[in-house]
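Architecture at a glance
Now for the letters of each chain:
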Amino acid sequence: MAELREFVDILRAAGEITRLRLLSLLSVGELSVKDLTEILDQSQPRVSRHLRLLTESGLVTRHAEGAWAFFRLSDEASAATLVQHLLEQLDTSDPVLQADVMRLDAVQRDHQARAASYFSKVAMDWDRVRSLHAPESAVEDAIVEMMDGVEVNLFIDLGTGTGRMLELLDGHFKKGVGIDSSREMISVARSKFERSGQKSVFVRLGDIAQLDEYRASAELAMLHQVLHHFVDPGQALDSARQTLKPGGKIVVVDFMPHKLEFLREEQAHKRLGLSHEQMHAWANAAGLHVTDSREIPHNKPGGGLTVCIWHLTEQS
């Protein structure tokens, strides 16, 4: 609960037309300064000043991605309750708010168009690799089956790509964070979650080797088709372990050893699959042990890619 003076400061931060409009827009989901400047049709310095006041009051949180900054409503319970109550008092038929919603729709359509344009360029390569292994549905069914009964507060998907694992495991976590080093992929994922209206999922531009912000925060982390892109997968696995709370779990989904050399040049694969022996060694070096694994064979004429799912937990 906020002290009297702090509570007055919070009310003062919210008690201005532009800042109420910002709170209303952010109730729909995470938006950048650029997005909000376009929607409000105000200068960037002015919008940034209002956002700074909302952030300082604790009503809004800020996440920086290089030169970009993204904002969303605070997760803190008392702040979230207050914002919800304030927004419930607004007349949604107000012309100003209706105009904001129309411009928000236009901004989100632009996000989706840009994401679709990028994804169409890489879809052929993705489809080629997917055709080499077991049907995606079989792999995803196995992941869901192995996650049966698992419910966590925070799930971190490392190398999230388009955010598919966040979609697939929705319902197994209260909050999901996807991290990827590709700004284009993050744009695709953001566009997807904007469209679906999922408010418990966030995607972030980031480096798997630099996860200090998420240290000891998650009960579950995933590396889905990620480790074969690393020269030293053990380092990536150790970095993932740093995000776990005591007793946390890591799920690794990747290819078993294969001989498809073209994947090195065409898909930037640094490793032609991962063996059980390698996984046990990397896990042990990171203070983890493999508690379960499951192979999903390719069944492709002439050879293909077998997918394996490994469950890793901290060593006691």
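Keep in mind that what you see is a predicted model, and the values were worked out from it rather than measured. (Residues numbered from 1 in each chain as written. Predicted model: local features only at pLDDT ≥ 70, side-chain atom pairs only at ≥ 80, totals over all residues. Heavy atoms only, no water.)

**Remarks on the packing of helix α10 (residues 233–241) against helix α12 (residues 276–285)**
Where α10 contacts α12, the axes come no closer than 9 Å and their chain directions differ by 45°. One element, α10, and the other, α12, form an angle in the oblique class. As for the relative orientation of α10 and α12, their crossing is right-handed in sense. Counted together, Pro233, Gly234 and Leu237 of α10 and Met279, Trp282 and Ala283 of α12 form the full contact between these two elements. (Axes fitted to C-alpha atoms, helices over the stretch in contact; angles between N-to-C directions. Helix = DSSP H or I, 4+ residues; strand = E, 2+ residues; numbered from the N terminus. Parallel < 35°, antiparallel > 145°, perpendicular 65-115°, else oblique. Left-handed = near helix turned anticlockwise from the far one by under 90°. Contact = heavy atoms within 4.5 Å.)

**A look at the side chain of His258**
Tracing the sequence through the fold places His258 in the loop between β8 (244–255) and α11 (262–267). The exposure class of His258 is buried, given its relative accessible area of 11%. Side-chain polar atoms of His258 contact the backbone nitrogen of Leu260, separated by 3.1 Å. When residues no more than four places from it in sequence are discounted, the contact partners of His258 are Leu263, Leu272, Gly273 and Leu305. (Buried < 20%, exposed > 50% of the residue type's maximum accessible area, 1.4 Å probe, protein only. Polar contact = N/O pair within 3.5 Å; in protein donor to acceptor, adjacent residues only side chain to side chain.)

**Some points on α10**
Every buried residue of α10 is accounted for by Pro233, Gly234, Ala236, Leu237, Ser239 and Ala240. Lining the buried residues of α10 we find β4 (152–158), β7 (218–224), β8, α12, β9 (288–296) and β10 (307–314).

**Brief notes about the sheet that holds β8**
The strand order β6-β5-β4-β7-β8-β10-β9 describes an open sheet built from seven strands, whose pairing is mixed. Unpaired on one side and paired on the other, β6 (201–205) and β9 mark the two borders of the sheet. Taking each pair of neighbouring strands and ignoring which way they run, the sheet shows an average axis angle of 20°. In this sheet, β6 lies alongside strand β5 (residues 173–180) in parallel orientation, the contact comprising five bridges. By the bridge assignment for β6, Asp180 is matched with Leu205. Packed on one face of the sheet, helix α9 (residues 183–196) meets β5 and β6 and runs near 165° to β6. (Pairing = 2+ DSSP bridges.)

**Describing unusual backbone geometry**
Residues other than glycine seldom take positive phi values, yet Ala216 does so here, at roughly 50°. Residue position: Ala216 is located in the loop between β6 and β7. Looking at Ala216, the relative accessible area reads 43%, which means it is partly exposed.

**Some details on the packing of helix α2 (residues 17–26) against helix α3 (residues 33–40)**
Following both chains from N to C, one finds α2 and α3 inclined at 120°, their axes separated by 11 Å at the closest point. Classified by the interaxial angle, the pair formed by α2 and α3 is oblique. The handedness of the crossing between α2 and α3 is right-handed. Together, Thr18, Arg21, Leu22, Leu25 and Leu26 of α2 and Leu36, Ile39 and Leu40 of α3 make up the contact between the two elements. In terms of residue class, the contact of α2 with α3 is made up of six nonpolar, one polar and one charged. (Nonpolar A, V, L, I, M, F, W, Y, C, P; charged D, E, K, R; others polar.)

**Section: the side chain of Gln225**
Mapped onto the secondary structure, Gln225 falls in the loop between β7 and α10. The contacts of Gln225, once residues within four sequence positions are left out, are Val253, Asp254, Phe255 and Val307.

**Section: the pattern of salt bridges**
Evaluation of the coordinates by the stated rule reveals 15 salt bridges. When the shortest N-O distance is used, the salt bridge between Lys192 and Glu167 registers 3.1 Å. One end of the pair, Lys192, is in helix α9; the other, Glu167, is in helix α8 (residues 164–168), and 25 residues separate them in sequence. Here Lys192 falls in the buried class, since its relative accessible area comes to 15%. One salt bridge in this structure joins Arg241 and Glu314, with 3.8 Å as the shortest N-O distance. In this pair, Arg241 sits in helix α10 while Glu314 sits in strand β10, placing the two residues 73 residues apart along the sequence. Glu314 gets classed as partly exposed once you look at its relative accessible area, which sits at 24%. (Salt bridge = Lys/Arg side-chain N within 4 Å of Asp/Glu carboxyl O.)

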